[in-house]
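# Summary of structural features
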Amino acid sequence: MGINTGGMDPTGMGSYTGYPGSKYWNVDSRPLSEATSVLRSFVITNIVQDSQWEIDRMTRYYLFWKFYDGLHWKDFNDGMISFNYVRAFIDKVNMFLLGNEAFSFQVKSYYSDQIDDEIEKIAEELMMYHWGKSDKSQLAYEILQMGSITGDCWIGASWQGGEYEKYVKVKVFDSRQCFPIFKNGDFNTLERFLVRQPLDSTKEQPYKLYVIQYTDKSIETWYQKDVTINDSSVAKYEHKKYPNKYGFIPVVHIKNRPNAAKFYGTSDASDILKLNKVYNEMNQQIKAVIDYHVTPTTVITGASAKSLKKGLGQIWSGLPAEANVFNLGLDVDLSAALEFIKDLKTAMHELSDVPENALGKIQAISNTSAAALQITYHPLLQQANIKAMTYGEGITEMNSMILRILEIEDPKNERLKKLRKLAPRFRSEMRIVPVFAYGFPKDRMDELNRAEIELRLKLGSRKEIMERMGKQNIDALMEQIDDDTLHQALLQAKLQEALSGVPPEPGINPDDDSGAIEEPELNPNPAE
């Protein structure tokens with residue numbers, strides 16, 4: 001039967017003043033002071049109701065998404081001021097890491113830094129195909145967006161066995177629907193993974209949840225009329241069960257910012273959400289003061305105002321001598337409030353590691369070196385490096401899953417066969433890691449000067465330098481450069497002969513347009 005999965009939006013009236021604590025929650029599961037009663041009620045009604053830990057986690061996720069979407073007020077969000085720095089900071093760090101091309105791939109060994117060129121080429125082509133078929137650039141943005149907002153991101157893999165194209169599709173799960181279940185509470189042993197999608201229940205469609213459950217042995221789907229998560233008490237409708245031929249759960253958990261004290265990651269919004277809220281409130285209050293004085297109140301003493309008209313060009317006459325008429329002015333000192341607002345904005349930049357210049361603040365134009373720019377943007381670079389580490393590990397693990405799925409679903413894949421022939425123990429000894437593009441401003445001339453010095457001092461190879469500069473098809477490019485160099489040498493030789501009559505250097509045939517170098521003729525009789 002068809003199920004309508006859209007239309008549910010837990011936004012509306014609520015209060016950010018929080019709710020009282022409870023003796024039933026310990027220090028690691030205390031109530032979220034920023035959460036609204038409406039969000040919490042929505043989670044209990046539509047997502048999960050019998051796990052206090054999960055209720056807190058889901059409420060936190062929904063709250064962060066609400067702020068990212070610009071819904072910073074209890075109600076009347078369309079008419080209230082909302083400076084959405086939560087979204088600005090998150091998007092800035094993510095795009096700084098992804099740059100224009102998101103990421104490429106590189107093969108690394110657990111034992112050595114030396115990787116065979118053919119192995120690296122085949123492995124990179126394999127991953128670029130499967131990630132490319134999954135819309136790599138948009139997928140990379142969604143992965144970082146989901147993880148940065150909620151603190152956790154789950155990505156899954158599924159086989160697409162079409163007639164003309166076969167590939168492993170990578171997709172992002174909504175963290176607000178993800179529920180990992182661990183064996184005996186051991187975070188290192190994932191027993192089940194549930195995706196619980198809320199539905200709009202009606203008389204025609206009575207279900208409240210559509211659930212997909214992954215285990216290492218099976219994949220199950222069913223509908224629920226309640227939001228119970230306890231498997232022993234769940235009533236399952238239209239229950240279907242399929243064998244999991246992979247032998248593992250094809251889902252990877254990525255922590256946005258790891259926390260050694262807990263399993264789940266930390267959101268980028270956790271440090272600035274309260275500050276952004278107070279910042280909006282202060283600006284709204286100042287706006288209210290200014291709005292009050294935009295249309296000033298006229299005060300009349302010693303006379304009657306019944307027959308007087310206010311407006312431009314109006315002349316009042318005949319007032320008693322002791323009458324006094326004046327407009328209330330803006331006598332409120334807002335300097336302290338404005339200074340506090342500046343302090344709030346500075347604090348948000350400092351806590352988020354996003355410099356003000358990164359958001360478009362005008363700065364003096366000068367010949368700033370790349371080193372000086374790196375110092376200026378070091379906090380932003382630091383945040384990007386943390387994400388490159390955490391999301392890089394998750395993408396690397398997903399690449400390993402793709403290879404495992406390929407070995408089962410498409411064992412005759414030509415590139416996979418070549419890879420297994422060249423490196424039979426590839427999956428156990430090597431890994432395919434992402435290389436993020438980074439959108440950091442670069443000094444092109446400085447890079448070229450460094451490359452020239454490295455080549456002159458024999459400190460690096462052309463291939464290494466080209467990889468660092470982001471060149472593509474490096475082997476073919478180097479061959480083309482060598483051909484151009486040889487062609488230029490031949491042209492120079494011909495020009496020298498034409499101008500001075502001096503014959504070309506030995507071994508060079510000026511009439512040979514192909515640019516081939518002649519081999520010296522060997523004497524077949526050494527005695528002569």
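Residues numbered from 1 in each chain as written. Predicted model: local features only at pLDDT ≥ 70, side-chain atom pairs only at ≥ 80, totals over all residues. Heavy atoms only, no water.

### Overview of the overall build of the protein
Broken down by element type, the protein carries 14 helices and 12 strands. Summarising the internal contacts of the protein: among those between residues at least 6 apart in sequence, 62% fall at separations of at least 24. For the protein, the accessible area works out to roughly 30900 Å², and carbon and sulfur atoms hold 52% of it. (Helix = DSSP H or I, 4+ residues; strand = E, 2+ residues; numbered from the N terminus. Contact = heavy atoms within 4.5 Å. Areas by Shrake-Rupley, 256 points an atom, 1.4 Å probe, with all protein chains shown as cover.)

### Quick notes on the environment of Leu422
Mapping Leu422 onto the fold places it in helix α10 (residues 414-422). Among the residues examined, Leu422 registers a relative accessible area of 41% and is labelled partly exposed. With 304 residues separating them along the chain, Leu422 and Glu118 place their C-alpha atoms 8.3 Å apart. Beyond its immediate chain neighbours, meaning those up to four positions away, Leu422 contacts Glu118, Ile119 and Ile122. (Buried < 20%, exposed > 50% of the residue type's maximum accessible area, 1.4 Å probe, protein only.)

### Side note on the packing of helix α2 (residues 52-68) against helix α5 (residues 136-150)
Between α2 and α5, whose axes approach to 8 Å, the crossing angle comes to 115 degrees. By the angle between their axes, α2 is roughly perpendicular relative to α5. Here Tyr61, Phe64, Trp65 and Tyr68 of α2 lie close against α5, whose contacting residues are Tyr141, Gln145, Met146, Ile149 and Thr150. Along the lines of polarity and charge, the residues of the contact of α2 with α5 split into seven nonpolar, two polar and no charged. (Axes fitted to C-alpha atoms, helices over the stretch in contact; angles between N-to-C directions. Parallel < 35°, antiparallel > 145°, perpendicular 65-115°, else oblique. Nonpolar A, V, L, I, M, F, W, Y, C, P; charged D, E, K, R; others polar.)

### Quick look at the pattern of salt bridges
Once their charged atoms are close, side chains differing in charge can pair, the charge on each being opposite to the other. In this structure the tally under the stated criterion is 18 salt bridges. Two residues, Glu125 and Arg415, come together in a salt bridge whose shortest N-O distance is 2.8 Å. You can see Glu125 sitting in helix α4 (residues 117-133) and its partner Arg415 sitting in helix α10, a full 290 residues away along the chain. Put simply, Asp174 and Arg176 hold a salt bridge, and the shortest N to O gap is 3.1 Å. Among the charged side chains, a salt-bridge network with shared partners connects Arg257, Asp268, Asp271 and Lys387. (Salt bridge = Lys/Arg side-chain N within 4 Å of Asp/Glu carboxyl O.)

### Brief notes about the sheet that holds strand β9 (residues 251-255)
What the three strands build is an open sheet, ordered β3-β2-β9; its pairing is antiparallel. Where the open sheet ends on each side, the last strands, each with one partner, are β3 (166-173) and β9. Looking at each pair of strands side by side, their axes are set apart by 25 degrees on average, direction ignored. Pairing of strand β2 (residues 152-161) with β3 involves eight bridges; the strand directions are antiparallel. When the sheet's bridge partners are listed, Gln160 is paired in β3 with Tyr167. (Pairing = 2+ DSSP bridges.)

### A few points about the state of the cysteines
A complete count under the given rule lists zero disulfides for this structure. Cys178 takes part in no disulfide bond, and the closest cysteine sulfur, belonging to Cys153, lies 8.2 Å away. (Disulfide = S-S within 2.5 Å.)

### Thoughts on the sheet that holds strand β7 (residues 218-224)
One open sheet holds the five strands; their spatial order is β4-β5-β6-β7-β8, and the pairing between them is antiparallel. Strand pairing shows two members of the sheet lacking a second neighbour, β4 (178-182) and β8 (237-243), which therefore form its edges. With direction set aside, neighbouring strand axes in the sheet form an average angle of 15 degrees.

### A short note on the packing of α4 against α10
For the pair α4 and α10, interaxial distance at closest approach is 10 Å and the crossing angle is 145 degrees. The two elements α4 and α10 meet at a crossing, and its hand is left-handed. Packed against α4, whose contacting residues are Glu118, Ile119, Ile122, Ala123, Glu125 and Leu126, the element α10 presents Arg415, Leu416, Lys418, Leu419 and Leu422 at the interface. Tallied by class, residues from the contact of α4 with α10 come to seven nonpolar, no polar and four charged. (Left-handed = near helix turned anticlockwise from the far one by under 90°.)

### A look at helix α14 (residues 474-500)
Across its 27 residues, α14 extends 39 Å between first and last C-alpha, which sits within 8% of the 39 Å expected from 1.5 Å per residue. Among the residues making up α14, those that are buried are Ile474, Met478, Leu490 and Ala493. (Expected span 1.5 Å × (residues − 1).)

### Describing the confidence of the model for the protein
Here the protein averages 80 in pLDDT, while 80% of its residues score no lower than 70. Looking at the elements of the protein, mean pLDDT is at its lowest for helix α8 (residues 370-376), recorded as 66, and at its highest for β9, recorded as 95. (pLDDT = per-residue confidence, 0-100.)

### Some details on the nonpolar core
Formed by 104 residues in total, the largest nonpolar core has its most connected members in Trp131, Phe193, Met398 and Phe426. The leading source of residues in this core is helix α9 (residues 378-409), at 12 residues. In this structure, Phe426 is in contact with Val107, Ile119, Ala123, Leu403, Leu419 and Ile432, ignoring residues within four places of it in sequence. (Core = buried A, V, L, I, M, F, W, Y, C linked by side-chain atoms within 4.5 Å.)

### Regarding the packing of aromatic side chains
Tallying each qualifying case throughout the model produces 23 aromatic pairs. Look at Phe103 and Trp131: their rings are 5.5 Å apart centre to centre, the planes differ by 85 degrees, and that puts the pair in the edge-to-face class. On the criterion of sequence distance, the pair formed by Phe103 in strand β1 (residues 103-109) and Trp131 in helix α4 is long-range, its members being 28 residues apart. Across this residue pair, the class does not change: Phe103 and Trp131 are buried. Judged by centre distance (4.8 Å) and plane angle (75 degrees), the ring pair of Phe182 and Phe263 falls under edge-to-face. Of this pair, Phe182 sits in strand β4 while Phe263 sits in the loop between β9 and α6 (273-294), placing them 81 residues apart in sequence. (Phe/Tyr/Trp six-rings, centres within 6.5 Å; stacked < 30°, edge-to-face > 60°.)

### What to know about unusual backbone geometry
Of note in this structure, Asn184 is not a glycine but carries a positive phi near 55 degrees. Phi at Asp353 takes a positive value of approximately 60 degrees, unusual for a residue other than glycine. Counting through the fold element by element, Asp353 comes out in the loop between α7 (335-352) and α8.

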